[in-house]
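# Observations on the three-dimensional arrangement
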Amino acid sequence: VAATNRSGAKASYSNTGTVVEIAAPGGDFGGTGSGVLSTLNAGYSTPGADNYVEYVGTSMATPHVAGVAALIMAKQPTWTPAQVLARIQSTARAFPGACAGCGSGIVDANAAVP
């Protein structure tokens, strides 16, 4: 999974190449509002308050795709992994920015879930 930035182009840190199948939002380095919100717990050694933190990376992009795959499987439990991937790729949105080697497009949950 490749990561895209806020403009829909390849994020500066993203992996790319022939093994990349799809892209998803991964955020930008650049301050508040540039990352992808993730749930977190504020405690360091014991549980603390639940909160949100912005993170940046392919580790933020990949869960977008895994979640879409899970939603597809919930609707189509007999589909093979290849069928799920084909659905995700065939319904992906075009890149609004430059993203060579980022797969077939940006994952689109609304279009992918049958």
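It should be noted that the structure appears before, not after, this text.
The following paragraphs examine the structure supplied in this document.

Reading guide: rules and limits
Residues numbered from 1 in each chain as written. Predicted model: local features only at pLDDT ≥ 70, side-chain atom pairs only at ≥ 80, totals over all residues. Heavy atoms only, no water. Core = buried A, V, L, I, M, F, W, Y, C linked by side-chain atoms within 4.5 Å. Buried < 20%, exposed > 50% of the residue type's maximum accessible area, 1.4 Å probe, protein only. Helix = DSSP H or I, 4+ residues; strand = E, 2+ residues; numbered from the N terminus. Contact = heavy atoms within 4.5 Å. Lys, Arg positive; Asp, Glu negative; His and termini not counted. Salt bridge = Lys/Arg side-chain N within 4 Å of Asp/Glu carboxyl O. Polar contact = N/O pair within 3.5 Å; in protein donor to acceptor, adjacent residues only side chain to side chain. Disulfide = S-S within 2.5 Å. Phe/Tyr/Trp six-rings, centres within 6.5 Å; stacked < 30°, edge-to-face > 60°. Expected span 1.5 Å × (residues − 1). Arc of directions from axis to C-beta.

### Some points on the nonpolar core
Inside soluble globular proteins, nonpolar side chains tend to come together where they are buried. Among the nonpolar cores identified, the biggest contains 13 residues, and I22, A24, V65, V68, I72, I88 and V107 are the most heavily contacted of them. When contributions to this core are tallied by element, the ones reaching two or more residues are helix 1 (58-75) and helix 2 (81-90). Take this core: its biggest share by element is four residues, from helix 1. If you look at the next biggest cluster of nonpolar residues, it comprises five residues, including A2, V20, A23 and C99.

### Topic: the side chain of T4
Within the fold, T4 resides in strand 1 (residues 2-4). Apart from residues lying up to four places away in sequence, T4 is in contact with A9, A11, A23, A24, P25, G26, G27, F95, C99 and I106.

### A word on the side chain of D108
Tracing the backbone shows D108 in the loop between helix 2 and helix 3 (109-112). Comment: no salt bridge for buried D108; closest opposite-charge side chain is R93, at 4.1 Å. At 3.2 Å, the side chain of D108 and the backbone nitrogen of A111 are in polar contact.

### What to know about the state of the cysteines
One pass over the full model with this rule turns up one disulfide. Across the disulfide, C99 is cross-linked to C102 (sulfur-sulfur distance 1.9 Å). For the disulfide bridge between C99 and C102, the dihedral angle about the S-S bond is near -80°, and by the sign convention the bridge is left-handed. Judged by its relative accessible area of 10%, C99 is buried. Residue classification places C102 among the buried residues on the basis of a relative accessible area of 1%.

### A word on the packing of aromatic side chains
Throughout the structure, instances matching the rule amount to one aromatic pair. Arranged with centres 5.5 Å apart and planes meeting at 75°, the rings of Y13 and F29 form a pair that is edge-to-face. Of this pair, Y13 sits in the loop between strand 1 and strand 2 (23-25) while F29 sits in the loop between strand 2 and strand 3 (36-41), and the two are 16 residues apart along the sequence.

### Side note on helix 1
In this model helix 1 runs 26 Å from its N-terminal to its C-terminal C-alpha over 18 residues, within 8% of the 26 Å that 1.5 Å per residue would give. The set of residues buried in helix 1 consists of M60, A61, V65, V68 and I72. Projected down its long axis, helix 1 shows its buried positions confined to an angular sector of 145°, all on one face. Exposed residues lying more than 90 degrees from the buried face of helix 1 are S59 and A74.

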